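# Summary of structural features
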Amino acid sequence: MVFRSISQGLQQFVTTLLGGAAGLNDEELKAQAIKNQSETDRLVQIENARGAVKLKQMTVLGVLALIALAMLVGAVLVVVQAAGDLKLPWSRIGTAVGTVVCASGITGLVARWLTRWFKRRRAAGTPTAAPASQNPPGGDPNQMTSP
């Protein structure tokens, strides 16, 4: 049984929704493209559509990232301003610098944790390739292998 990640499922759904591959996988498309010129032209159009969809996805993600960054900068400014209004025994500048340094440190730790978590999740989801000696080409097609 083949497991797909959520992002792969969403990409396939969007591609099919926008008139993409109509449910065919890459091998089936290549086999059809070899048969005649019209299938080759169709394959080129499908690949162009896939590229356009990927470009749209990246553009939307980029815009969302910029909006999130602007919101984060605004939140930092509000927190630094609020921290500066506190009656603390040290200067207002020290409070602002300390707030920014601590917030940056916490953000770095969370980003490091999330990066490790995503890498472990990705590594757990991808099967490792077995050496060629373990999988002979004339082996039992019904034999189950561990992922």
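Residues numbered from 1 in each chain as written. Predicted model: local features only at pLDDT ≥ 70, side-chain atom pairs only at ≥ 80, totals over all residues. Heavy atoms only, no water.

Inspection of the entire model under this criterion finds two aromatic pairs. Their ring planes at 15 degrees and their centres at 6.5 Å tell us that Trp113 and Trp117 sit as a pair that is stacked. With Trp113 and Trp117 both in helix α4 (residues 92–125), this residue pair falls four residues apart, about one helical turn. Note on Trp117: relative accessible area 34%, which makes it partly exposed. (Phe/Tyr/Trp six-rings, centres within 6.5 Å; stacked < 30°, edge-to-face > 60°. Helix = DSSP H or I, 4+ residues; strand = E, 2+ residues; numbered from the N terminus. Buried < 20%, exposed > 50% of the residue type's maximum accessible area, 1.4 Å probe, protein only.)

On the surface, Met58, Val60, Leu61, Val63, Leu64, Ile67 and Met71 cluster together into a nonpolar patch covering about 710 Å² of accessible area. By the secondary structure assignment, Met58 is in helix α3 (residues 37–84). (Patch = residues over 30% accessible without salt bridge, like charges linked within 9 Å, V, L, I, M, F, W, Y side chains within 5 Å. Areas by Shrake-Rupley, 256 points an atom, 1.4 Å probe, with all protein chains shown as cover. Salt bridge = Lys/Arg side-chain N within 4 Å of Asp/Glu carboxyl O.)

Let's shift gears to the side chain of Thr95. If you trace the backbone, Thr95 turns up in helix α4. For Thr95, a relative accessible area of 8% translates into the label buried. Residues contacting Thr95, with those up to four places away along its chain left out, are Ala83, Gly84, Leu88 and Trp90. (Contact = heavy atoms within 4.5 Å.)

Turning our attention to the packing of α3 against α4. Closest axis-to-axis distance for the α3/α4 pair is 9 Å, and the angle between their directions is 145 degrees. Pair α3 / α4 crosses with right-handed handedness. Contact with α3, carried on its side by Val79, Val80, Gln81, Ala83 and Gly84, involves Arg92, Thr95, Ala96, Thr99 and Val100 of α4 and no other residues of that element. A class-by-class count of the residues in the contact of α3 with α4 yields five nonpolar, four polar and one charged. (Axes fitted to C-alpha atoms, helices over the stretch in contact; angles between N-to-C directions. Left-handed = near helix turned anticlockwise from the far one by under 90°. Nonpolar A, V, L, I, M, F, W, Y, C, P; charged D, E, K, R; others polar.)

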